[in-house]
Amino acid sequence: MKRLALISPYFGALPEYFELWCRCAAKNKNIDFLIYTDCDVISSYENIKITKITFEELKRKIQALFDFEIRLSKPYKFCDYKPATGLIFADDLADYRYWGYIDLDTIPGNLEKFLPNEDYDKIYRLGHLCIYRNTPENNRRFMLPAGMDYKEVFTTDNILIFDENEGIQKKYELLGIKTYTPRCYADITRQRYNFTLSSMFAPQNGYINNYKRQVFFYENSAVYRAYKYNGEIKTEEFNYIHFSSRKMPVHFEKADNFFITPSGFYEKNGNITEGDFEKYNGTTKRKDRQALFKYKVWLFKRKVKKIITSMREKARSHSAEKEPVTN
């Protein structure tokens, strides 16, 4: 039996760095990456398997699993269905001990190096990478009556973030199921232009600081941060970096090592120098202000959209209740 499959449904134009993502993911030889997309793309990597499927086909596939009408009007709403991945893609996952989901707005490093030796039913807590033990019982735990009600999640077009801390992670905690949740990833905040670790890095098992001089890069099949501390340049490794829906052009044809920066990917040659901090992740107060404003606008629009969607759903429900019953 294979150890782990990571699934990523993606609809619409693939990110321009998709080939780079594939090259990095493929270095994890003992992990299979299963991508479901409506794009015409072929994998040249043995452990990256691409299935052509439309969003409507996926929606019908999910609907067939439940005896109530699901709401899945846009691809982004699938985030709320991620905890049900073990059921949705059960046939494709039958040969794996573990399954998980991974987002494409990441660069995977040495993922396997950071996995625990001990068995857990759930590994990690955020939606950009989460892993579950592949058993019939565990694949149905999202249905259990603790925390968020999956039926409420699946019957609204609002995004309730069922795949993260307040959703499936809290459900496991309320059920008393031990999970493995170290913060070994580099999650980049959307509130700043330059690459800064998000506030998810609150004190837990050691606080991961941000540094005035820091830069992220990929080298020898791993993701790193270099930073200056007490006059010395130090490095630390992460299992992956998540840069949250940014546009990330690739500024080279092919390179084994590269910088991961706010303006995309750049070839890396040699050791980190003082100049690399400013060149690839320098202080940009004006752009930081713009990024924060853009983030606040995004939060406001999401809040308004949630209110409007809730109002429409209440009106639709009220209208359905008033419809006469005919024999």
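Keep in mind the model is a prediction, meaning the values are calculated, not measured.

Now for the pairing of strand S2 (residues 31-37). Here S2 lies mainly inside the structure; seven of its seven residues are buried. Every second residue of S2 is oriented toward a common face, with Ile31, Phe33, Ile35 and Thr37 on one face and Asp32, Leu34 and Tyr36 on the other, all of them buried. Between strand S1 (residues 2-10) and its parallel partner S2, the chain crosses via helix H1 (residues 18-26), and the hand of that crossover is right-handed. Sheet topology places S2 next to strand S3 (residues 48-52); five bridges connect them, and they run parallel. Across the sheet, Leu34 pairs through a bridge with Lys49, a residue of S3.

As a further point, take the packing of aromatic side chains. Across all of its chains, the model carries 34 aromatic pairs by this definition. Taking the centre distance of 6.3 Å and the plane angle of 85° together, the rings of Phe154 and Phe162 count as edge-to-face. The class for Phe162 is buried, based on a relative accessible area of 0%. Seen in terms of ring centroids, Tyr218 and Phe258 are 4.9 Å apart; in terms of plane orientation they differ by 15°. Their pairing is stacked. Placement of the pair is Tyr218 in strand S10 (residues 214-219) and Phe258 in strand S14 (residues 258-261), with a sequence separation of 40 residues. With respect to burial, Tyr218 and Phe258 carry one shared label: buried. The rings of Phe66, Phe68, Phe78, Tyr81, Phe142, Tyr150, Phe154 and Phe162 are connected pair by pair, giving a single aromatic cluster. Of note, Arg225 hangs over the ring of Tyr227, and the distance from its end group to the ring centre comes to 5.4 Å.

Rules and cut-offs
Residues numbered from 1 in each chain as written. Predicted model: local features only at pLDDT ≥ 70, side-chain atom pairs only at ≥ 80, totals over all residues. Heavy atoms only, no water. Buried < 20%, exposed > 50% of the residue type's maximum accessible area, 1.4 Å probe, protein only. Helix = DSSP H or I, 4+ residues; strand = E, 2+ residues; numbered from the N terminus. Right-handed = clockwise from strand over helix to strand, strands pointing away. Pairing = 2+ DSSP bridges. Phe/Tyr/Trp six-rings, centres within 6.5 Å; stacked < 30°, edge-to-face > 60°. Lys NZ or Arg CZ within 6 Å of the ring centre and 35° of its normal.

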